Amino acid sequence: MINLSVEIAGIKFKNPVMVASGCYGFGREFSNFYDLNLLGAIMVKGLTLEPRIGNPPPRIAETPAGMLNSVGLQNPGVEGFIKNELPWLKQYDVPVIANINGHSYEEFAEITDRLAGVSGISALEVNISCPNVKNGGMFFGTDPVMAGEVVKRVRAKTDLPLIVKLSPNVTDIAEIAKAVEAAGADAVSLINTVLAMAIDIKTRRPALSNVVGGLSGPAVKPLAVRMVWQVAQAVSVPIIGMGGIAKAEDAIEFFLAGANAVAIGAANLSNPMVAVEVIDGLKMWLEQEKIEDIQHLVGGVII
Ligand SMILES: Cc1cc2nc3c(=O)[nH]c(=O)nc-3n(C[C@H](O)[C@H](O)[C@H](O)COP(=O)(O)O)c2cc1C
């Protein structure tokens, strides 16, 4: 018998494979392909206080071994989520993790307030890599003091477990991870997309209307594995690793680097079955290797 289950921040997950925010909508489209009960957890599309239509197209571009996106947090707003998406998701026996975004500390606090006490949400994923308008366009997730302050404001508004999503666009991600742990994060997830740009040489225009966007997919996997490994040395809270996972072997690298669970993002867009394939692949690999519990892999890299 192989044990894939994992407990993170007091939540029991039947397996450690989640679907990453922004690459799975609210799950409806994927329910045509498989039973969502198979998943470890669903991290829903990033929510904001008000509904957003996002950036104008083009806002997706293919790159070698990856993709750029500048969707710009298109979402129905927190109330739209609570009214129209959460009731549908509640039919499944899968933890729903609400990804929250704000342009100011106050907005983070307010959106948390709206979600606190709403049944059907297992945890919040606090996305601290969106631009902070009030502080001149800096990013919350690139400054340890600001990152810690967001977590404190959110912590003050809810008892829900807090997973803080870290930005890779920093020199020292371990420093940010330590700051959010000290401020009350129950877990960290990483990585968000890597700031990037592509140019169409015929038109000489950027591939994205927003000029720059976030790179994800296989191209970022080694970067993500390195960052998970660094964060695992620095904090004692659990880690949810993501970035370029498209098969079980990719996920295993993350566990060995120190992740307790993984999430799959962009790969869902090209292969809607990827999450169940990774879950099955992990089981098969553990059986082959005669490893009874997936958590025995965590941090197992030999250096
Ligand atoms: C189209 C798209 C939209 C995304 N939207 C969000 C979002 O709303 N909130 C968030 O925290 N991350 C968002 N992400 C980042 C992913 O959740 C993930 O962290 C990142 O893409 C790395 O994983 P991957 O290489 O498996 O995609 C988005 C990624 C993509 C490709």
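Scoring rules and cut-offs
Residues numbered from 1 in each chain as written. Predicted model: local features only at pLDDT ≥ 70, side-chain atom pairs only at ≥ 80, totals over all residues. Heavy atoms only, no water. Pairing = 2+ DSSP bridges. Helix = DSSP H or I, 4+ residues; strand = E, 2+ residues; numbered from the N terminus. Axes fitted to C-alpha atoms, helices over the stretch in contact; angles between N-to-C directions. Contact = heavy atoms within 4.5 Å. 1 Å grid on protein atoms, 1.4 Å probe; cavity = no way out; pocket = protein on both sides within 12 Å on 5 of 7 lines; lining within 4 Å. Points joined across faces, edges and corners; volume = space filled by probe spheres on them. Nonpolar A, V, L, I, M, F, W, Y, C, P; charged D, E, K, R; others polar. Polar contact = N/O pair within 3.5 Å; in protein donor to acceptor, adjacent residues only side chain to side chain. Buried < 20%, exposed > 50% of the residue type's maximum accessible area, 1.4 Å probe, protein only. Right-handed = clockwise from strand over helix to strand, strands pointing away.

A. Main features of the sheet that holds strand S7 (residues 96-100). In spatial order, the strands read S3-S4-S7-S8-S11-S12-S17-S18; together these eight strands close into a barrel with parallel pairing. On average, each strand axis in the sheet is inclined to that of its neighbour by 25°, with strand direction left out of account. One ladder, built from three bridges, connects strand S3 (residues 17-19) with strand S18 (residues 261-264); its direction is parallel. Following the sheet pairing, Val17 is matched in S18 by Val262. Contacting strand S12 (187-190) and strand S17 (239-242), helix H5 (residues 221-234) crosses the sheet at an angle of about 165° to S17.

B. Region of interest: the layout of surface pockets. Space inside the largest pocket adds up to approximately 1100 Å³. Contributing to the lining of the largest pocket are 46 residues, with Asn69, Gly72, Asn192, Thr193 and Gly214 lying nearest its centre. For the lining of the largest pocket, the element with the highest residue contribution is strand S16 (residues 213-216), accounting for four residues. Looking at the lining of the largest pocket residue by residue, the classes come out as 18 nonpolar, 24 polar and four charged. Approximately 220 Å³ is the volume attributed to the second largest pocket. Of all elements in the fold, only strand S6 (66-69) and helix H7 (267-270) reach the threshold of two or more residues within the lining of the second largest pocket. In terms of residue count, the dominant contributor to the lining of the second largest pocket is H7 (three residues). Taken together, the residues that form the lining of the second largest pocket break down as eight nonpolar, seven polar and one charged.

C. Seen up close, the sheet that holds strand S13 (residues 194-196). With antiparallel pairing, the four strands of this open sheet are ordered in space as S5-S6-S16-S13. Here the strands that pair on one side only, and so sit at the sheet edges, are strand S5 (60-63) and S13. Averaged over all neighbouring strand pairs, the angle between strand axes comes to 35°, with direction disregarded. In this structure, S5 lies alongside S6, joined through four bridges in antiparallel fashion. Considered in S6, the bridge of Ile60 is made with Asn69.

D. Structural view of the side chain of Ser189. Mapped onto the elements of the fold, Ser189 is located in strand S12. One polar contact links Ser189 to Glu125, side chain to side chain, over a distance of 2.7 Å. If we ignore the near neighbours within four places in the chain, the residues touching Ser189 are Glu125, Ile163, Val164, Lys165, Leu166, Ile240 and Met242.

E. Representation of the pairing of strand S11 (residues 162-165). The alternating pattern of S11 places Leu162 and Val164 and Ile163 and Lys165 on opposite faces, both of which are buried. Both strand S8 (residues 123-127) and S11 contribute to a ladder of four bridges, which runs parallel. By the bridge assignment, Glu125 is partnered in S11 with Ile163. As paired elements, S11 and S12 share three bridges and run parallel to each other. Residue Ile163 lies in a different strand from S12, and its bridge partner there is Ala187. Read from S11 through helix H4 (residues 173-182) to S12, the crossover connection turns out right-handed.

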